[in-house]
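Architecture and fold: a report
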Amino acid sequence: LAKTTQPISMDSYEGQEVNITCSHNNIATNDYITWYQQFPSQGPRFIIQGYKTKVTNEVASLFIPADRKSSTLSLPRVSLSDTAVYYCLVGDQIPYSGGGADGLTFGKGTHLIIQP
Amino acid sequence: DTAVSQTPKYLVTQMGNDKSIKCEQNLGHDTMYWYKQDSKKFLKIMFSYNNKELIINETVPNRFSPKSPDKAHLNLHINSLELGDSAVYFCASSLHPGTGVLFGNTGELFFGEGSRLTVL
């Protein structure tokens, strides 16, 4: 099982860059790393996904070292509206392959609080 | 247009009752899911259907019975409700049941807004 470990909570201020790291020491060869964001009273929303090195989209960047045992979600210049819970998921999301529901398992996430 | 819609949004009921939550997606996706988020905010997958076929059943009491009449709908029926069933239930869908390695896509999950069930 590719379990993940994230900080329970983080604080930052508007305009800062925020980096949230997720540890996944048992990541398997076929596993992808996916991050979701959840606001109160809403379902999670996909942010970014990667396999190795760096991935960037209009919302965030994802840094993955060569050993893939961790990953860092980077949010540039956060605003108050980035206050949310951020989840790191690791797996191939292919239940037929015997990987089960690893890639569909959300942990407790990281509660990010942005202050003015 | 809401991509993944769930009804009802709120449900308050007594222990022992039977209730259903409905979910519909208009994204043309093949795969749908039910998740449970408890008071500690832990989000746990319960079931997944791919083209009306059950592919994931994650150690859920058999009081919970999902039904997928077609690939755009996945309903959740709960019998003999217990206090511990109080939670927010999220429906989700994805294009395929897999992610990039085999399917050439992110396997992104699209979630509904949740149905808050309170059992008294």
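One can find the structure itself at the top, above this paragraph.
Residues numbered from 1 in each chain as written. Chains lettered and ligands numbered in written order. Predicted model: local features only at pLDDT ≥ 70, side-chain atom pairs only at ≥ 80, totals over all residues. Heavy atoms only, no water.

Re the overall build of chain A
To keep it simple, the criterion reads: Strands here are runs of E lasting at least two residues and helices are runs of H or I lasting at least four, both read from the DSSP assignment and numbered beginning at the N terminus. Each residue is placed in one exposure class: buried if its accessible area under a 1.4 Å probe, protein chains only, is under 20% of its type's maximum, exposed if it is over 50%, and partly exposed if it falls in between. Any two residues whose heavy atoms approach within 4.5 Å are treated as being in contact. Where accessible areas are quoted, they stem from the Shrake-Rupley method and a 1.4 Å probe; at the residue level, only the protein chains shown are allowed to cover.
Counting its secondary structure elements, chain A contains zero helices and nine strands. Start at the N end of chain A and walk to the C end: the helices and strands fall as β-β-β-β-β-β-β-β-β. Sorting the 116 residues of chain A into buried and exposed places 48% on the buried side. Pairs at least 24 residues apart make up 57% of the contacts formed inside chain A by residues separated by at least 6 positions. Carbon and sulfur atoms make up 51% of the accessible area of chain A, which amounts to about 5600 Å² in all.

A short note on unusual backbone geometry
Here the bond from B:Thr7 into B:Pro8 is cis, since omega is -5°, no more than 30 degrees from zero. For A:Arg77, which is not a glycine, the phi torsion comes out positive at approximately 45°. Relative to the assigned elements, A:Arg77 resides in the loop between strand S7 (70-75) and strand S8 (84-91). With a phi angle near 45°, B:Ser80 is a residue other than glycine that sits in the positive phi range. Following the sequence through the fold, B:Ser80 ends up in the loop between strand S8 (73-78) and strand S9 (87-94). Its relative accessible area of 39% is what places B:Ser80 among the partly exposed residues.

A short note on the sheet that holds strand S1 (residues 9-13) of chain A
Residue and element names in this part refer to chain A. Here is the rule we go by: At least two bridges found by DSSP between two strands are what make those strands a pair. Simply put, an axis is a line fit to the C-alpha atoms, just over the touching stretch for a helix, and the angle between two N-to-C directions goes from 0 to 180 degrees.
With mixed pairing, five strands are arranged side by side in an open sheet as S1-S9-S8-S3-S4. The open sheet terminates on both sides in strands that have one partner only, identified here as S1 and strand S4 (45-50). Here the average twist between neighbouring strands, direction ignored, is 25°. In the sheet, S8 pairs with strand S9 (residues 110-115) via three bridges, with the strands oriented antiparallel. Bridge assignment links Tyr86 to a residue of S9, and that residue is Thr110.

Side note on the state of the cysteines
Residue and element names in this part refer to chain B. Basically, it comes down to this: Two cysteine sulfur atoms form a disulfide, by the criterion used here, when they sit within 2.5 Å.
In this structure the tally under the stated criterion is two disulfides over all chains. In this model, Cys23 is linked to Cys91 through a disulfide, with the two sulfur atoms separated by 1.9 Å. On the S-S bond that ties Cys23 to Cys91, the torsion sits near -80°, and the link is left-handed. Taken as a pair, Cys23 in strand S3 (residues 19-25) and Cys91 in strand S9 lie far apart in primary sequence, 68 residues in all. Relative accessible area serves as the criterion here: at 1%, Cys23 is assigned to the buried category.

A short note on the packing of aromatic side chains
The description of an aromatic ring pair uses the distance of the two centres, along with the angle that the planes make with each other. Condition: By convention, a stacked pair of Phe, Tyr or Trp rings (six-membered ring in the case of Trp) has centres within 6.5 Å and planes under 30 degrees apart, an edge-to-face pair has planes over 60 apart, and any other such pair is tilted. Cation placement over rings: the criterion is NZ of Lys or CZ of Arg within 6 Å of the ring centroid and within 35° of the ring normal.
Under the criterion given, the structure shown has 10 aromatic pairs over all chains. Consider the rings of A:Tyr36 and B:Phe111, whose centres lie 6.3 Å apart with planes at 85°: the pair is edge-to-face. Here the residue A:Tyr36 occupies a position in strand S3 (residues 32-38), and B:Phe111 occupies one in strand S10 (residues 110-111), the pair thus bridging two chains. Summarising the burial analysis for this pair, A:Tyr36 and B:Phe111 share the class buried. Consider the rings of B:Phe90 and B:Phe111, whose centres lie 6.3 Å apart with planes at 85°: the pair is edge-to-face. Here B:Phe111 lies in strand S10 and B:Phe90 lies in strand S9, a separation of 21 residues in the sequence. B:Phe111 carries the same exposure label as B:Phe90, and that label is buried. Ring pairing ties together the aromatic residues A:Tyr36, A:Phe46, A:Tyr87, A:Phe106, B:Tyr35, B:Phe90 and B:Phe111, which thus form one cluster. For A:Arg68, the ring lying beneath its charged end belongs to A:Tyr51, and the centroid distance is 4.0 Å.

Here we look at the sheet that holds S8(B)
Residues and elements named next belong to chain B. Strand order in this open sheet of four strands is S1-S3-S8-S7, and the pairing throughout is antiparallel. At either margin of the open sheet sits one strand with a lone partner, and together these are strand S1 (4-7) and strand S7 (64-70). If you compare each strand with its neighbour and ignore which way they point, the axes differ by 20° on average. By the bridge criterion, five bridges tie S7 to S8 in an arrangement that is antiparallel. If you follow Lys67 over to S8, its bridge partner there is Asn75.

Quick look at the environment of A:Phe63
Tracing the backbone through its elements, the reader meets A:Phe63 in strand S6 (residues 61-64). On a C-alpha basis, the gap between A:Phe63 and A:Ile48 in space is 11 Å, while along the polypeptide they are 15 residues apart.

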